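What follows is each chain in one-letter form.
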Amino acid sequence: MFDVPPVPHALITGGHGTLATAIRAQLEQRGWHVHAPSHEELDVTSTPSVDAYIHALSPLALLINNAAILADGPIASMTEHDFASVLDTTLTGAFRAARAVLPGMIAQRQGHIINIGSHSALTGPRGQANYAAAKAGLIALTHTLAIEGGPHNIRANTVLPGYLDTKFSATALAKHRPAILAQHTLGRLNSIEDAARFIADLHSFPHISGQLFQLDSRLSPWG
């Protein structure tokens, strides 16, 4: 009688978002068991919530840190609460989730953490000091996770999906779509389906870690 390979388990934080839903569908097509909790089910700003949720799961092969919030505004009028809350969800939330999954990944000597970043991390756009800082921090967090996880066969990567036609980007696209499209050398946005497919496929490349992947046609300075 042949042994049946175990079904790999994945967790997507911010699991009810448009991109998260598309990623879940892509992973499930590949045979994954996907946990994609809502904010009410998994509050990444709460260490007890994160620890309790993750410790109740089967060992995870993949964590996708997707949870994020916006509280845009100019620095001169941005409150400390708005700055701190965006970092707490978007950056510290990813840290909490990564910290909680690492013991299980170390024990099984395999795992992959994908952080969903943003092009804002590379440019620091007007009105997004908090969001840009949080997403820039995710890139640095990814590097450290890759360095510390490498000896245990644990990978970490950051993906910048680009502007997508999601609820999260709806306000910016409604106000600035022509200007946003003008930043893209191809004059068009990435699609939700293609971004989700790339993120799901990334896990299948076992020798890639510590890398940053931008999925649209905007150009960024070197370095």
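Details of the structure are given in the entry above.
Residues numbered from 1 in each chain as written. Predicted model: local features only at pLDDT ≥ 70, side-chain atom pairs only at ≥ 80, totals over all residues. Heavy atoms only, no water.

## Considering the pattern of salt bridges
This is how the line gets drawn: Whenever Lys or Arg places a side-chain nitrogen within 4 Å of a carboxyl oxygen from Asp or Glu, that contact is recorded as a salt bridge. We count a stretch as a helix when DSSP gives it H or I for four or more residues in a row; a strand needs E for two or more, and each element gets its number in order from the N terminus.
Per the stated rule, a full pass over the model turns up 6 salt bridges. The shortest N-O distance in the salt bridge between R24 and E28 comes to 3.0 Å. With R24 and E28 both in helix α1 (residues 18-29) and 4 residues apart, the pair spans about one turn of that helix. Residue R30 pairs with D201 through a salt bridge whose shortest N-O separation is 2.5 Å. Here R30 is found in the loop between α1 and β2 (33-35), whereas its partner D201 is found in helix α7 (residues 192-202), with 171 residues between them in sequence.

## Describing the layout of surface pockets
Cut-off, in case you're wondering: Space inside and on the surface of the protein is sampled on a 1 Å grid over the protein atoms alone, with a cavity defined as a set of points where a 1.4 Å probe fits but cannot get out and a pocket as an open set with protein on both sides within 12 Å along at least 5 of 7 lines; lining residues have an atom within 4 Å of a point. Grid points are joined across faces, edges and corners, and a volume is the space filled by probe spheres set on the points. Gly is placed with the polar residues, together with every amino acid not listed as nonpolar (Ala, Val, Leu, Ile, Met, Phe, Trp, Tyr, Cys and Pro) or charged (Asp, Glu, Lys and Arg).
Taken as a whole, the largest pocket holds about 1300 Å³ of empty space. Secondary structure elements with two or more residues in the lining of the largest pocket: α1, α4 (120-123), α5 (129-149) and α6 (170-182). The biggest single contributor to the lining of the largest pocket is α6, with 7 residues. Residue classes in the lining of the largest pocket are distributed as 19 nonpolar, 23 polar and 7 charged.

## What about the pairing of strand β1 (residues 9-12)?
Quick reminder of the rule: Partly exposed residues are those whose accessible area sits between 20% and 50% of the maximum for their type, while under 20% is buried and over 50% is exposed, using a 1.4 Å probe and protein chains only. When DSSP locates at least two bridges between a pair of strands, those strands are taken to pair.
Alternating residues of β1 divide into H9 and L11 and A10 and I12, and every residue in both groups is buried. Bridging between β1 and β2 involves 3 bridges; their strand directions are parallel. Counterpart to L11 in the pairing with β2 is H35. For β1 and strand β3 (residues 62-65), the ladder comprises 3 bridges, and the chain directions are parallel.

## As for the packing of aromatic side chains
The geometry of an aromatic ring pair comes down to the distance between the two centres and the angle between the two planes. Threshold: Here a Phe, Tyr or Trp ring, Trp counted by its six-membered ring, pairs with any other such ring whose centre lies within 6.5 Å, and the pair is stacked when the planes are under 30 degrees apart, edge-to-face when over 60, and tilted otherwise.
This model, assessed by the stated rule, comprises 2 aromatic pairs. Taken together, a centroid distance of 6.0 Å and an interplanar angle of 45° make the contact between Y131 and F168 tilted. Residue Y131 is located in helix α5, and its partner F168 is located in the loop between β5 (154-160) and α6; the two are separated by 37 residues in the primary sequence. A relative accessible area of 7% places Y131 in the buried class. When its relative accessible area of 37% is taken as the criterion, F168 is described as partly exposed.

## What to know about the sheet that holds β5
Cut-off, in case you're wondering: A fitted line through C-alpha atoms represents every axis, and for helices the fit uses only the stretch in contact; the resulting angles, taken between N-to-C directions, go from 0 to 180 degrees. Residue contacts follow a heavy-atom distance rule, with two residues in contact if any of their heavy atoms lie within 4.5 Å.
Strand order in this open sheet of 6 strands is β2-β1-β3-β4-β5-β6, and the pairing throughout is parallel. Edge positions in the sheet fall to β2 and β6 (212-214), since each of these pairs with one other strand and no more. Recorded for the sheet is a direction-independent mean angle of 20° between the axes of neighbouring strands. Of the pairings in the sheet, the one linking strand β4 (residues 111-116) to β5 comprises 6 bridges and is parallel in character. Counted as the bridge partner of I113 is A156 from β5. Where α1 meets the sheet, it contacts β1, β2, β3 and β4, and its direction lies at approximately 170° from that of β1.

## Focus on the side chain of T158
Spelled out, the test is: Any pair of nitrogen or oxygen atoms within 3.5 Å is treated as a polar contact; in protein, a donor-acceptor pairing is required on top of that, and neighbouring residues in sequence qualify only through side-chain atoms on both sides.
As for its position among the elements, T158 is in strand β5. Looking at T158, its side chain comes within polar contact range of the side chain of T142, at 2.6 Å. Excluding residues within four positions of it along the chain, T158 makes contact with N115, G117, L138, I139, T142, Q211, L212 and F213.

Worth remembering: the numbers are spatial, not functional.
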